[in-house]
Amino acid sequence: MIRPATKNDLSKISLIENRVFRFPWSNDQIRWELRSQHVVSNYVMLLEDNIIGYIFTHKIDKEVQILNFAIDTSYQHKGYGEEFFSYFMDQLDEDISIILEVRKSNFSAINLYLKFGFSELGIREKYYSDGEDAIVMKRKFLAHGMV
């Protein structure tokens, strides 16, 4: 099951964040994203009423930026990330472009994004706090029937 994230999900999201990432977001950062804002579209994925993943995004006009996407460590490499990402993509209009940054070393995530039609737009050198580069990836949807 996938549903919109709420402020009540903060503690479970924070646990996943701390297990998945070397440099996790703080509770304040997560709380900020869970606030009800008109540009925010955040979801959680549940398995038997247990949150196993989340995605945080901002949508402005015809562009979505994926800020954070994670599947809990014990559920990775089992198809849940692909299922969740597919659901998220299905919620978007066809003429929306999507942009994200991903660690250069995160091959699993890069492969997932490539599978969904993303391509490399560029590199943000030393983007992360540990000095690792980020790959900027983008997917542009094309509206059907347009000439």
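Engineer: What's the story with the overall build of the protein in this structure? I'm lost.
Structural biologist: Counting its secondary structure elements, the protein contains four helices and seven strands. The secondary structure elements of the protein, listed N-terminal to C-terminal, are β-α-α-β-β-β-α-β-α-β-β. Here the protein has a C-alpha radius of gyration of 15 Å; the compact-globule value for 147 residues is 15 Å, and the two agree. When the backbone C-alpha atoms are referred to their principal axes, the protein occupies close to 45 × 35 × 30 Å. A burial count over the protein gives 40% of its 147 residues as buried.

Engineer: I keep staring at the environment of Ile55 and nothing clicks. Help me out?
Structural biologist: Its location among the elements puts Ile55 in strand E3 (residues 50–60). The exposure class assigned to Ile55 is buried, which follows from its relative accessible area of 0%. Each C-alpha atom of the pair Ile55 and Ile66 lies 7.5 Å from the other, and the pair is eleven residues apart in sequence. If we skip the residues at most four places from it in the chain, Ile55 touches Ser41, Asn42, Tyr43, Ile66, Asn68, Phe69, Phe84, Phe85 and Phe88.

Engineer: So what exactly am I meant to see when it comes to the nonpolar core here?
Structural biologist: In summary, soluble globular proteins display a tendency toward joint burial of nonpolar side chains. Within the largest apolar cluster, 27 residues are counted, with the highest numbers of intra-cluster contacts made by Phe85, Ile98, Tyr113 and Phe118. Contributing elements (two or more residues each) for this core: strand E2 (40–47), E3, strand E4 (63–71), helix H3 (80–90), strand E5 (97–103), helix H4 (107–115) and strand E7 (134–140). By size, the runner-up hydrophobic cluster in this structure holds twelve residues, among which are Ile16, Ile30, Ile51 and Phe56.

Engineer: What's the story with the pairing of E3 in this structure? I'm lost.
Structural biologist: Across a regular strand the side chains alternate sides, sitting on one face of the sheet and then on the other. Two elements, E2 and E3, share eight bridges in a ladder whose sense is antiparallel. By the bridge assignment, Leu46 is partnered in E3 with Ile51. Connecting E2 to the antiparallel partner E3 that follows it, the hairpin turn spans two residues, and Glu48 within it adopts a positive phi of roughly 50°. One ladder, built from eight bridges, connects E3 with E4; its direction is antiparallel. By the bridge assignment, Lys59 is partnered in E4 with Val64.

Engineer: So what exactly am I meant to see when it comes to the packing of helix H1 (residues 10–20) against helix H2 (residues 27–34) here?
Structural biologist: Between two packed helices, the angle of one axis relative to the other and the distance separating the axes together describe the packing. Contact geometry for H1 and H2: axes closest at 10 Å, N-to-C directions at 130°. Viewed along their axes, H1 and H2 adopt a mutual orientation that is oblique. Crossing handedness for the pair H1 and H2: right-handed. Contact residues: H1 offers Leu10, Ile13, Ser14 and Glu17, while H2 offers Asn27, Ile30, Arg31 and Leu34.

Engineer: Looking at this model, I keep getting lost on the side chain of Glu132. Mind explaining?
Structural biologist: Along the chain, the position of Glu132 falls in the loop between strand E6 (119–124) and E7. The class for Glu132 is buried, based on a relative accessible area of 14%. Within the local environment of Glu132, its side chain forms a polar contact with the side chain of Arg103, the two groups lying 2.6 Å apart. Of note is the side chain of Glu132, whose polar atom sits 2.7 Å from the side chain of Ser105. Beyond its immediate sequence surroundings of up to four residues, Glu132 is in contact with Arg22, Arg103, Lys104, Ser105, Lys126 and Tyr127.

The rules behind these values
Residues numbered from 1 in each chain as written. Predicted model: local features only at pLDDT ≥ 70, side-chain atom pairs only at ≥ 80, totals over all residues. Heavy atoms only, no water. Helix = DSSP H or I, 4+ residues; strand = E, 2+ residues; numbered from the N terminus. Rg over C-alpha atoms; globule rule 2.2 N^0.38 Å. Buried < 20%, exposed > 50% of the residue type's maximum accessible area, 1.4 Å probe, protein only. Contact = heavy atoms within 4.5 Å. Core = buried A, V, L, I, M, F, W, Y, C linked by side-chain atoms within 4.5 Å. Pairing = 2+ DSSP bridges. Axes fitted to C-alpha atoms, helices over the stretch in contact; angles between N-to-C directions. Parallel < 35°, antiparallel > 145°, perpendicular 65-115°, else oblique. Left-handed = near helix turned anticlockwise from the far one by under 90°. Polar contact = N/O pair within 3.5 Å; in protein donor to acceptor, adjacent residues only side chain to side chain.

Take it as geometry only, folks, not as evidence of what the structure does.
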